[in-house]
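# Structural characterization, general
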Amino acid sequence: MRVLFVASELFPFVKVGGLGDVMAALPRAMRVLGADVRLLIPAYPELRAAVRVTGEATPLPALMGGGPARLLPAEADGLPLYLLDQPAFFGRPGNPYDHPADLPHRFAALAWAAAHLGRAGAADGWRPALLHGHDWPAGLMPAYVTYGEGPRPATVMTIHNIAFQGRFASSLLEPLGLPAASFTPEGVEFHGDIGFLKAGLKLADRICTVSPTYAREIQQAGGHGLEGLLAHRNGHLQGILNGVDRTVWNPATDPHLVSRYDLKHPSRRLPNRPDFQHRLGLEEGAAAPLFVAISRLDPLKGLDLVLDNVDHLVARGAQLAVIGTGDPHAEGAFRQAAQRHPGRVAAFIGYDEALAHRAFAAADVILVPSRQEPCGLTQLYAQAYGALPLVRRTGGLADTVVGVTPGTLADGSATGFQFDAPTGWALGEAINDALDLFQDGAAWRQVQRQGMAARFGWEGPARTYLELYGTIPGER
Ligand code: ADP
Ligand code: GLC
């Protein structure tokens, strides 16, 4: 089966969040199962410099006023790509969402190119039977399929985060090549604007999101205005959990660690802690429980609840490290917290992939206090690396962490800590639970082992996506 993924990020070239990780892992896992999955992505400079172009270019019209455009077939470590090469839109390095003026044009071009591949195929003769778009940057893909001419490939949209919707002024209808007839509630219109994600969710044959709990939440209070549409399409909406790419996230082979380890050699984990503490300017030693958060600093990630608990953690003898970037107010607040508690609290404001790996290998607890979390990957990486995740019970966090209770400790299912209310107080209570368990070395190690043994592989999710494709009527 020929499937084209359509997305704006791909680890390790361009990654803002978990979407990049998923795009690197899921198509490869589906290919292992025999599906011919390829990825359409903009030809960002970081990608152009790193991947091999493998064949003839497919000429495209000058999409969305962005000048010359073409598709280049390429390959990244066995994953076939089509690069949308349109230098006026994608020639700048850095965060792909950083150029607001032409943001809608750029991702409309991406979506149009996907629909074109589905209709006409590439110069190398490859034509996908199914187009699978990810998040709002691919949201107009089902619209260009619906309102275009010619054969109609099947369409699927996955929501990685419904908080980002790609909503733009209706005056862009014509510049984006959308017919006037598409501007209705049944099409691309959303509260008087053009809704990229909304259009995709309305018009795609199937909708996925990245956990079963989030699939329920977005039909209720958590849909950011799209709950009605999603509840209406309930029969065609499915939550499929993300997995862990063990070629990247495996403490036994991780090149970033000073000491590699696995379930059978847990003591080899220990040297990673002083190394990490040293790098962040924390007091070295094993006595203080080490809490770490690795996150985009975005209000939905709930890091303000961690700020509320800085003094509490320090008073209880713990250490805290925050690795993150985003909201300038949060960045400043964590910097100040680190200044107030030198050696006990550290803030690394920035994005550092290697440091993230080292943090998972050093931490006792990974804090994920999200207000909303579609799936979340850091709680999965924490488990794989023997850090206990402490999470708010929402979205994928609820689906992938089993909270410590007397029952789950006894039956061997506990893998971390959970709390419910999105308040500093509730997080503080969960921190207390973690500190209590930390006193009981044997119990702590048991929970750690259970997390390390948990298998959040990609094969299961890859199979489920293929089964879902099979439910769409039509010849493929
Ligand atoms: P989201 O996609 O909403 O940001 P996820 O938990 O799915 O959340 O994925 C976040 C990814 O980004 C993980 O791979 C995490 O390790 C990484 N990450 C987030 N912030 C940083 C940072 N400051 N430095 C390094 N990696 C980070
Ligand atoms: C989004 C979500 C995150 C999810 C990731 C990959 O960025 O915020 O929860 O894990 O996409 O699906």
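Rules used in this analysis
Residues numbered from 1 in each chain as written. Chains lettered and ligands numbered in written order. Predicted model: local features only at pLDDT ≥ 70, side-chain atom pairs only at ≥ 80, totals over all residues. Heavy atoms only, no water. Domains from an automatic or database assignment. Buried area = accessible area lost by both parts, 1.4 Å probe. Salt bridge = Lys/Arg side-chain N within 4 Å of Asp/Glu carboxyl O. Polar contact = N/O pair within 3.5 Å; in protein donor to acceptor, adjacent residues only side chain to side chain. Helix = DSSP H or I, 4+ residues; strand = E, 2+ residues; numbered from the N terminus. Nonpolar A, V, L, I, M, F, W, Y, C, P; charged D, E, K, R; others polar. Pairing = 2+ DSSP bridges. Axes fitted to C-alpha atoms, helices over the stretch in contact; angles between N-to-C directions. Contact = heavy atoms within 4.5 Å. Expected span 1.5 Å × (residues − 1). Buried < 20%, exposed > 50% of the residue type's maximum accessible area, 1.4 Å probe, protein only. Near = heavy atom within 4 Å. Areas by Shrake-Rupley, 256 points an atom, 1.4 Å probe, with all protein chains shown as cover. 1 Å grid on protein atoms, 1.4 Å probe; cavity = no way out; pocket = protein on both sides within 12 Å on 5 of 7 lines; lining within 4 Å. Points joined across faces, edges and corners; volume = space filled by probe spheres on them.

### Brief notes about the domain arrangement of the chain
Assigned domains of the chain: these are domain 1 (2–243 + 459–469) and domain 2 (266–453). Placing the centre of domain 1 and that of domain 2 at their C-alpha centroids yields a distance of 33 Å. Buried surface at the junction of domain 1 and domain 2, summed over both partners, amounts to about 1,500 Å²; 56% is from carbon and sulfur atoms. Run the count over domain 1 and domain 2 and you get one salt bridge. Note that Lys 15 and Glu 353 form a salt bridge whose closest N and O atoms lie 3.2 Å from each other. Here domain 1 is connected to domain 2 by ten residue pairs in polar contact (both at pLDDT 80 or more). Listing elements by their share of the side of domain 1 that touches domain 2, those giving two or more residues are α1 (18–32) and α7 (212–217). Among the elements that take part in the side of domain 1 that touches domain 2, α7 stands out by supplying four residues, more than any other. Split by residue class, the side of domain 1 that touches domain 2 holds nine nonpolar, nine polar and three charged.

### Concerning the sheet that holds strand β15 (residues 319–326)
The parallel open sheet is built from six strands, whose spatial order is β16-β15-β14-β17-β18-β19. Two strands bound the open sheet, and with one partner strand each, they are β16 (345–349) and β19 (417–419). Pairwise comparison of adjacent strand axes, ignoring direction, gives a mean angle of 20° for this sheet. Relative to strand β17 (residues 365–368), strand β14 (residues 290–297) runs parallel, the two sharing two bridges. Among the inter-strand pairings, Val 292 is bridged to a residue of β17, identified as Ile 366. Helix α17 (residues 424–438) rests against β14, β17, β18 (388–392) and β19 of the sheet, and its axis sits at about 160° to β19.

### Things to note about the sheet that holds strand β10 (residues 189–190)
In space, the three strands of this open sheet follow the order β9-β11-β10, with antiparallel pairing throughout. The sheet is open, and its two borders are formed by β9 (167–168) and β10, each paired with just one other strand. In this structure, β9 lies alongside strand β11 (residues 193–195), joined through two bridges in antiparallel fashion. Directly across from Arg 167, in β11, lies its bridge partner Gly 195. Packed onto the sheet, helix α6 (residues 196–203) meets β9, β10 and β11 and runs at close to 55° relative to β11.

### Concerning α1
A rise of 1.5 Å per residue sets the reference length of α1, with its 15 residues, at 21 Å; its end C-alpha atoms lie 21 Å apart and thus fit the reference within 8%. Here α1 lies mainly inside the structure; eleven of its 15 residues are buried. Those residues of α1 that sit buried are Leu 19, Gly 20, Asp 21, Val 22, Met 23, Ala 24, Ala 25, Leu 26, Pro 27, Ala 29 and Met 30.

### With respect to the site of ligand 1
Near ligand 1 lie 20 residues; those nearest to it are Gly 18, Arg 296, Lys 301, Gly 350 and Leu 377. In the environment of ligand 1, an oxygen atom lies 2.9 Å from a nitrogen or oxygen atom belonging to the side chain of Asp 21. Contact between ligand 1 and Asp 352: a nitrogen atom at 3.1 Å from a main-chain N or O atom of the residue. Alone, ligand 1 offers 570 Å² of accessible surface; in the complex the protein occludes 93% of this. When residues of the shell around ligand 1 are traced back to their parent elements, those giving at least two are α1, β14, β15, α13 (353–362) and α14 (378–384). Take the shell around ligand 1: its biggest share by element is three residues, from β14. Its residues assigned to classes, the shell around ligand 1 comprises six nonpolar, seven polar and seven charged. Per-domain counts for the shell around ligand 1 show at least three residues from each of domain 1 (2–243 + 459–469) and domain 2 (266–453).

### Quick look at the site of ligand 2
The local shell around ligand 2 holds 13 residues, among which His 160, Asn 242, Glu 373, Cys 375 and Gly 376 are the closest. At a separation of 2.6 Å, an oxygen atom of ligand 2 approaches a polar side-chain atom of His 160. Contact between ligand 2 and Asn 242: an oxygen atom at 2.8 Å from a side-chain N or O atom of the residue. Notes on ligand 2: free accessible area 310 Å², of which the protein chains cover 93%. Broken down by element, the shell around ligand 2 gets its largest block of residues, three residues, from α1. For the shell around ligand 2, the per-class residue count stands at six nonpolar, five polar and two charged.

### Examining empty space enclosed by the protein
If you walk through the whole model with that rule in mind, you get three cavities of 30 Å³ or more. When its volume is computed, the largest cavity comes out at roughly 70 Å³. Contributing to the lining of the largest cavity are 13 residues, with Asp 21, Ala 25, Asp 245, Trp 249 and Tyr 381 lying nearest its centre. Tallying contributions element by element places α1 first for the lining of the largest cavity, with four residues. For the lining of the largest cavity, the residue count by class is ten nonpolar, one polar and two charged.

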